[in-house]
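So the chains spell out like this:
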Amino acid sequence: GAAAIGIFLNTGTLTGNISNSSTGSIVASNATGRAVVMQGGTITGDIVNSGVMTGGANGIHQFGGLIAGELQNNSTGVISATDAGKAVFVAAGTIAGGIDNEGQILANVGASTAIHLDSTGTIAGGINNTGTISATGALGQGIVLSNLAVFTGGIQNTGTAAFIQAGDTAIFIDMDTFVGDITNSGTIDSNAADAILIAAATAFTGNIANSGRIEAS
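Residues numbered from 1 in each chain as written. Predicted model: local features only at pLDDT ≥ 70, side-chain atom pairs only at ≥ 80, totals over all residues. Heavy atoms only, no water.

## Remarks on the overall build of the protein
Turning to step 1, where the next piece is worked out: Each helix and strand counted, the protein has zero helices and 27 strands in total.
Turning to step 2, where the next piece is worked out: Computed over the C-alpha atoms, the radius of gyration of the protein is 16 Å, within 12% of the 17 Å expected from 2.2 N^0.38 for a compact globule of 217 residues.
Turning to step 3, where the next piece is worked out: Seen through its C-alpha atoms, the protein measures out along the principal axes to roughly 40 × 30 × 30 Å.
Turning to step 4, where the next piece is worked out: Here the protein holds 217 residues, and the buried ones make up 50% of them.
Turning to step 5, where the next piece is worked out: The long-range fraction of contacts in the protein, counting pairs at least 24 apart against all pairs at least 6 apart in sequence, stands at 82%.
Turning to step 6, where the next piece is worked out: Here the protein displays about 8000 Å² of accessible surface, and carbon together with sulfur accounts for 52% of that area. (Helix = DSSP H or I, 4+ residues; strand = E, 2+ residues; numbered from the N terminus. Rg over C-alpha atoms; globule rule 2.2 N^0.38 Å. Buried < 20%, exposed > 50% of the residue type's maximum accessible area, 1.4 Å probe, protein only. Contact = heavy atoms within 4.5 Å. Areas by Shrake-Rupley, 256 points an atom, 1.4 Å probe, with all protein chains shown as cover.)

## Describing the sheet that holds strand 10 (residues 71-73)
What links the strands of a sheet is backbone hydrogen bonding, and the strands pair in either a parallel or an antiparallel sense.
Turning to step 1, where the next piece is worked out: Taking strand neighbours across the sheet as the criterion, the eight strands line up as 3-7-10-13-16-20-23-26 in an open arrangement whose pairing is parallel. The open sheet has two edge strands with one neighbour each: strand 3 (18-20) and strand 26 (208-210). Here the average twist between neighbouring strands, direction ignored, is 5°.
Turning to step 2, where the next piece is worked out: As judged from the three bridges shared by strand 23 (residues 182-184) and strand 26, these two strands associate in the parallel manner. Bridge assignment links Asn 184 to a residue of strand 26, and that residue is Asn 210. (Pairing = 2+ DSSP bridges. Axes fitted to C-alpha atoms, helices over the stretch in contact; angles between N-to-C directions.)

## A short note on the packing of aromatic side chains
Any aromatic ring pair is given by two values, namely how distant the centres are and how the planes are angled relative to each other.
Turning to step 1, where the next piece is worked out: Here the structure, examined in full by the defined rule, presents two aromatic pairs.
Turning to step 2, where the next piece is worked out: Here Lys 86 stacks its cationic end above the ring of Phe 89, 4.8 Å away from the centre of that ring. (Phe/Tyr/Trp six-rings, centres within 6.5 Å; stacked < 30°, edge-to-face > 60°. Lys NZ or Arg CZ within 6 Å of the ring centre and 35° of its normal.)

## Regarding the nonpolar core
Turning to step 1, where the next piece is worked out: Ile 143, Leu 145, Phe 151 and Ile 155 are the most contacted members of the largest nonpolar core, which has 42 residues in total.
Turning to step 2, where the next piece is worked out: Elements represented by at least two residues in this core include exactly strand 5 (34-38), strand 9 (58-67), strand 11 (78-81), strand 12 (86-95), strand 15 (113-123), strand 18 (141-146), strand 21 (163-166) and strand 22 (171-179).
Turning to step 3, where the next piece is worked out: When sequence neighbours within four positions are dropped, the list of residues in contact with Ile 155 reads Ile 127, Ile 143, Leu 145, Ile 171, Phe 178, Asp 181, Ile 182 and Thr 183. (Core = buried A, V, L, I, M, F, W, Y, C linked by side-chain atoms within 4.5 Å.)

## Examining the side chain of His 61
Turning to step 1, where the next piece is worked out: Note on placement: His 61 falls in strand 9.
Turning to step 2, where the next piece is worked out: Accessibility expressed as a relative area gives 10% for His 61, which makes it buried.
Turning to step 3, where the next piece is worked out: Looking at His 61, its side chain comes within polar contact range of the side chain of Arg 34, at 3.0 Å.
Turning to step 4, where the next piece is worked out: With sequence-adjacent residues up to four places away left out, His 61 is seen in contact with Arg 34, Val 36, Val 37, Met 38, Phe 89 and Ala 91. (Polar contact = N/O pair within 3.5 Å; in protein donor to acceptor, adjacent residues only side chain to side chain.)

## Focus on the environment of Met 38
Turning to step 1, where the next piece is worked out: Looking at the secondary structure, you find Met 38 in strand 5.
Turning to step 2, where the next piece is worked out: A residue is classified by how much of its surface remains accessible, and Met 38, at 4% relative accessible area, is buried.
Turning to step 3, where the next piece is worked out: Measuring from C-alpha to C-alpha, the distance between Met 38 and Thr 113 comes to 19 Å, with 75 residues separating the pair along the chain.
Turning to step 4, where the next piece is worked out: Setting aside residues no more than four positions away along its own chain, Met 38 makes contact with Leu 9, Ile 43, His 61, Gln 62, Phe 63, Gly 64, Gly 65, Leu 66 and Ile 67.

## Concerning the pattern of salt bridges
Turning to step 1, where the next piece is worked out: If you walk through the whole model with that rule in mind, you get one salt bridge.
Turning to step 2, where the next piece is worked out: In this structure, Glu 215 and Arg 213 form a salt bridge, with 2.1 Å as the shortest nitrogen-oxygen distance.
Turning to step 3, where the next piece is worked out: Overall, Arg 213 belongs to the partly exposed group, its relative accessible area being 39%. (Salt bridge = Lys/Arg side-chain N within 4 Å of Asp/Glu carboxyl O.)

## Remarks on unusual backbone geometry
Turning to step 1, where the next piece is worked out: One non-glycine residue, Asn 147, lies in positive phi territory at about 60°.
Turning to step 2, where the next piece is worked out: Here Asn 147 is to be found in the loop between strand 18 and strand 19 (150-152).

## Here we look at the sheet that holds strand 8 (residues 52-55)
Turning to step 1, where the next piece is worked out: Taken together, the eight strands give an open sheet; going across it, the order is 4-8-11-14-17-21-24-27, and neighbouring strands pair in parallel fashion. Strands at the two margins of the open sheet, each flanked by one partner only, are strand 4 (25-28) and strand 27 (213-216). Going from strand to strand, the sheet's axes swing by 5° on average, the running direction of each strand aside.

## What about the environment of Ala 170?
Turning to step 1, where the next piece is worked out: Positionally, Ala 170 belongs in the loop between strand 21 and strand 22.
Turning to step 2, where the next piece is worked out: Owing to a relative accessible area of 0%, Ala 170 belongs among the buried residues under this scheme.
Turning to step 3, where the next piece is worked out: Taking the C-alpha atoms as reference, Ala 170 lies 18 Å from Ile 79; in sequence the two are 91 residues apart.
Turning to step 4, where the next piece is worked out: With near-sequence residues (within four places) excluded, Ala 170 lies in contact with Gly 142, Ile 143, Ile 164, Ile 188, Asp 189, Ser 190, Asp 194 and Ala 195.

Rendered as C-alpha cells:
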C-alpha cells in the first residue's frame, strides 16, 4: 500500500520544536512507512525524541528544508527502521545543529543503515553519539556519508557506553571534503567488514583519535 507517514512537514515555517516525550510514540509500521518526514520548509528549533519514532522504511527522513537546531535523541529515545531501511536518512536539506544521540538509533534488518547522509544533505554540527547506533543486519552499516561535497563537525563516539556497531561497515565515508575529527572513547565494531572505511575523500581535514575500542572481525 501507500507509504504511511506519522508527521509530514512539506512547506512553511514551524516556529518551535517537534518534540516526542518519553511516553510518546510516532509509528508508521508498514514496509514503506516513515515516522517523521520533512520535505521542505523550516523548523526554527529542534527535533527532540525521548520516546519512540519508528517506521518500516525510516524513523526520520529529511529530503529538503532546514532544521535550524539539532536532531536530539535523548537517553530514553529510540529511532528505528524496522524493515530494510534507514533509521535516520538525510537525502537533502540541512540540520544546522547536527545529530546528537544519547539513546538508540537502530536499523537491524538486512542491508539497513542507522544514519545515512547522502547527496545534497548537510549536517553542519557533526554527529555526536553517547548512546547506541546499530545496524546489525548482514549488510547493515552504522553511519554512512556518501556523495557529499562537504561535511563539517566530525563524528564523536564518546564514553564507555557509546557504541557504533554494524554487520558490515560501522562508519563509511565516500565524499569530497570531510572537515572535523573522528574521535572514539567507546566502541566502534564491525561484525564482518571494516570498522572505519574512508573510501574516498579528496580532503580529510582533521584527526582520527582513539582511546576506546575499534574492532573489525
